[in-house]
Amino acid sequence: MAIRMLYFAWVRERVGTGEELVDPPADVTTVAALVDWLATRSAGHADALAERGRLRAAVDQAFVTPDAPIAGAREVAIFPPVTGG
Amino acid sequence: MAIRMLYFAWVRERVGTGEELVDPPADVTTVAALVDWLATRSAGHADALAERGRLRAAVDQAFVTPDAPIAGAREVAIFPPVTGG
Amino acid sequence: MIRILVAPAPIDLTAEMALVEQASGAGAVATFTGLVRADAGAAGDVDVLELEHYPGATEAALTELAQEATTRWSLGAVTIVHRVGPMRPGERIVFVAAAAPHRGAALDACAYLIDRLKTDAPFWKREIRGESAAWVEARDADAAAADRWR
Amino acid sequence: MIRILVAPAPIDLTAEMALVEQASGAGAVATFTGLVRADAGAAGDVDVLELEHYPGATEAALTELAQEATTRWSLGAVTIVHRVGPMRPGERIVFVAAAAPHRGAALDACAYLIDRLKTDAPFWKREIRGESAAWVEARDADAAAADRWR
């Protein structure tokens, strides 16, 4: 099933879009695996997702760690550490 | 030398005035001794100054403890614990 | 900037905040506002709260308090405004603000200012309910809160 | 009262404070206001600060944060207003307020809200200086400040 990917801040800039629909293979079951797979999609993706330690993620708008499952997820967001306030 | 006495809150109400000039004898050298001497001036003074533990004082607008000297003081204030803010 | 104001007029929060925010280095502003509480417990609702103070000594105590805060923390502005005289439930009694480059200093200084003000500035509250009036008793919790900073 | 607002309009402090002060049981109101700093250090002055966020997730995160505060402290009101989009030095980025019957809860809850907001809400700052733009890096101190509350 297709997942709606969202990218924010410099991740968005480097990927080249803030939003895309993706359909990862069945063996991609966690956020970490999804990031690995996304990084193969384009040079922009590879650049944006190179430094895994600087990436954070949310699955269906809930903040998660990289080992979080993505089974059934409709929306996954990848972004840098937040800097609000 | 005369001292300007100031009273605030319920001390003022019980003394019956907010301000008076007093000229204590030479052996009255501390705030505590001054309060003892003031308490003999009227029934209102005695009532206002009866509970020494509930009184606070300032000498020339600086907050002091009962053992503080009053030598040279121009203004002494007696009042309850403060309740601002 | 240190601003101390003790006056019977209602506290103009918008104007006070503008002064604090315009102070140099104000990236973070923490404030505390005390209001006359409408529901004053077992004794029934308060109609009027009266604030008495010690003119001259009050301003001196608040100025000293503000100066102590600026020696403890790097602050762009400290404002202490305290209303005196009669006021109604819901109205502002006191407004305290601290501005600093970063939030830790602003938040800590604001808590320090209001905790110390409660025990170190010569104000006295009297609650008026109908025909009766009662002086507010000092709270041990206030002395304990102020002692945290010594 | 819990009020969450994420919007590009300037933050109306007067209106926000009025809402907080009118909440029931508001004897004490603590606020924190974050301003765009004019002097941004070695890289020179910031002309414009841009705030990007994650629509939907931002509001959900702030609502959850406000609800957590109301379970920790007895609060009459919690307000979190965060501006997004472009803004100028001196303008308000964020306004947080907590109202409670007594000051301890209001002050603690206010510090909690801004500390947790810094690490738990999906906002990203970009500083624009002349022709160049740079994303602000997250600060370890913010994570440490948020961890104090866990």
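Coordinates for the structure precede this section.
What you see is a predicted model; the values in this text were computed from it and never measured.

A. Seen up close, the nonpolar core. Leu75, Ile80, Val96 and Leu113 of chain C together with Leu75, Val96 and Leu113 of chain D are the most contacted members of the largest nonpolar core, which totals 70 residues. Once residues lying within four places of it in the same chain are set aside, the contact partners of Val96 of chain D are Ala30, Thr31, Phe32, Thr79, Ile80, Cys110, Leu113, Ile114 and Leu117 of chain D.

B. Quick peek at the pairing of strand E6 (residues 92-100) of chain D. Residues and elements named next belong to chain D. Of all nine residues in E6, eight are buried, a share of seventy percent or more. Of the pairings in the sheet, the one linking strand E2 (residues 28-35) to E6 comprises eight bridges and is antiparallel in character. Pairing of Leu35 across the sheet is with Arg92, part of E6. Where strand E4 (residues 77-83) meets E6, six bridges bridge the pair, whose relative direction is antiparallel.

C. Examining the interface of chain C and chain D more closely. Listed as interface residues are 28 residues of chain C and, on the opposing side, 28 residues of chain D. Summed over both partners, the interface of chain C with chain D comes to about 2,400 Å²; 52% of that surface belongs to carbon and sulfur atoms. Where Arg103 of chain D meets Asp115 of chain C, a salt bridge forms, and the shortest distance between an N and an O atom there is 2.9 Å. At the boundary of chain C and chain D, one finds 14 residue pairs in polar contact (both at pLDDT 80 or more). When contributions to the side of chain C that touches chain D are tallied by element, the ones reaching two or more residues are helix H1 (13-21), strand E2 (28-35), helix H3 (103-120) and helix H4 (140-147) of chain C.

D. Representation of the arrangement of the chains within the structure. A comparison of contact numbers over the three pairs of chains in contact places chains C and D at the top. Between chain B and chain D there is no contact; the minimum C-alpha to C-alpha separation amounts to 10 Å.

E. Region of interest: the pattern of salt bridges. Summed over all chains, the structure comprises 42 salt bridges over all chains. The salt bridge involving Arg41 of chain A is made with Glu20 of chain A; its shortest N-O contact spans 3.2 Å. Taken together, the residues span a long stretch of sequence, with Arg41 of chain A in the loop between helix H2 (31-38) and helix H3 (43-48) and Glu20 of chain A in strand E2 (residues 19-22) at a distance of 21 residues. What makes Glu20 of chain A buried here is its relative accessible area of 13%. Among the ionic pairs, Arg116 of chain C bridges to Glu68 of chain C, the shortest N-O distance being 2.9 Å. With a gap of 48 residues between them, Arg116 of chain C in helix H3 and Glu68 of chain C in helix H2 (residues 57-72) connect regions that are remote in the sequence. Where salt bridges share partners, they join Glu68, Arg116, Asp120, Asp147 and Arg150 of chain C into one cluster.

F. View of the packing of H2 of chain C against H3 of chain C. Residues and elements named next belong to chain C. Between H2 and H3, the least distance of the axes is 10 Å, while the angle of their chain directions is 150°. Judged by the angle between their axes, H2 and H3 are roughly antiparallel. Judged by the sense of rotation from one axis to the other, the crossing of H2 with H3 is right-handed. In this structure, H2 uses Ala61, Leu62, Leu65, Ala66, Glu68, Ala69 and Arg72 to contact H3, whose residues at the interface are Tyr112, Leu113, Arg116, Leu117 and Asp120. Class assignment of the residues belonging to the contact of H2 with H3 gives a composition of eight nonpolar, no polar and four charged.

G. Up close: the relation of the copies chain C and chain D. Superposition record for chain C on chain D: RMSD 0.0 Å, screw rotation 180°, translation along axis 0.0 Å. Read as a symmetry element, the transformation amounts to a two-fold axis. Considering only C-alpha atoms, the residue of chain C closest to the rotation axis is Thr31 of chain C, which sits at 2.6 Å.

H. Structural view of the interface of chain A and chain D. With 20 residues of chain A at the contact, the number on the chain D side is 25 residues. Per-residue buried area on chain A facing chain D is highest for Val82, Thr83 and Gly85 of chain A; these three make up 37% of the total on that side. The tally of links from chain A across to chain D stands at three salt bridges. The residue Arg126 of chain D makes a salt bridge to Glu13 of chain A at a minimum N-O spacing of 2.8 Å. Remark: the boundary between chain A and chain D carries 12 residue pairs in polar contact (both at pLDDT 80 or more). The set of elements that each furnish at least two residues to the side of chain A that touches chain D consists of strand E1 (3-7), helix H1 (9-15) and strand E5 (75-79) of chain A. If you tally residues by element for the side of chain A that touches chain D, the top one is H1 of chain A, at four residues. Looking at side-chain class alone, the side of chain A that touches chain D contains 12 nonpolar, four polar and four charged residues.

Cut-offs applied
All residue numbers here refer to positions counted from 1 along the written sequence of the relevant chain. Both sets of labels track the order of writing: A upward for chains, 1 upward for ligands. Reporting in this predicted model follows two pLDDT cut-offs: at least 70 for local features of residues, and 80 or more for side-chain atom pairs to be given and counted; totals over whole chains, interfaces and linings ignore these cut-offs and use all residues. The basis for every side-chain value is the complete set of heavy atoms in the structure, and neither hydrogens nor water enter the calculation. Each nonpolar core is a collection of buried residues, namely Ala, Val, Leu, Ile, Met, Phe, Trp, Tyr and Cys, held together in the definition by side-chain atoms within 4.5 Å. For every residue, the accessible area (1.4 Å probe, protein chains only) is compared with the maximum for its type, and the residue is labelled buried under 20%, exposed over 50%, or partly exposed between those bounds. Note on contacts: a residue pair qualifies if any of its non-hydrogen atoms lie within 4.5 Å across the two residues. Each helix is a run of DSSP H or I of at least 4 residues and each strand a run of E of at least 2, with the numbering of both proceeding from the N terminus. Pairing between strands requires that DSSP locate at least two bridges from one strand to the other. What counts as buried area is the accessible surface, traced by a 1.4 Å probe, that two parts surrender upon association, with contributions from both included. Salt bridges are defined by distance alone: a side-chain nitrogen of Lys or Arg within 4 Å of a carboxyl oxygen of Asp or Glu. Each polar contact in these results corresponds to two N or O atoms within 3.5 Å; when the atoms are within protein, one needs to be able to donate a hydrogen and the other to accept it, and residues that are neighboring in sequence are counted only if both atoms are side-chain atoms. Axis lines are fitted to C-alpha atoms, over the contacting stretch for helices. Their N-to-C directions set the angle, which ranges from 0 to 180 degrees. Orientation is classified from the angle alone, with under 35 degrees giving roughly parallel, over 145 giving roughly antiparallel, 65 to 115 giving roughly perpendicular, and any other angle giving oblique. Left-handed describes a crossing whose near helix is turned anticlockwise from the far helix through less than a right angle; right-handed describes the clockwise counterpart. Gly is put with the polar residues, along with every residue not named as nonpolar or charged; the nonpolar set is Ala, Val, Leu, Ile, Met, Phe, Trp, Tyr, Cys and Pro, and the charged set is Asp, Glu, Lys and Arg. Least-squares superposition aligns the copies on the C-alpha atoms of those residues with pLDDT at or above 70 in both.

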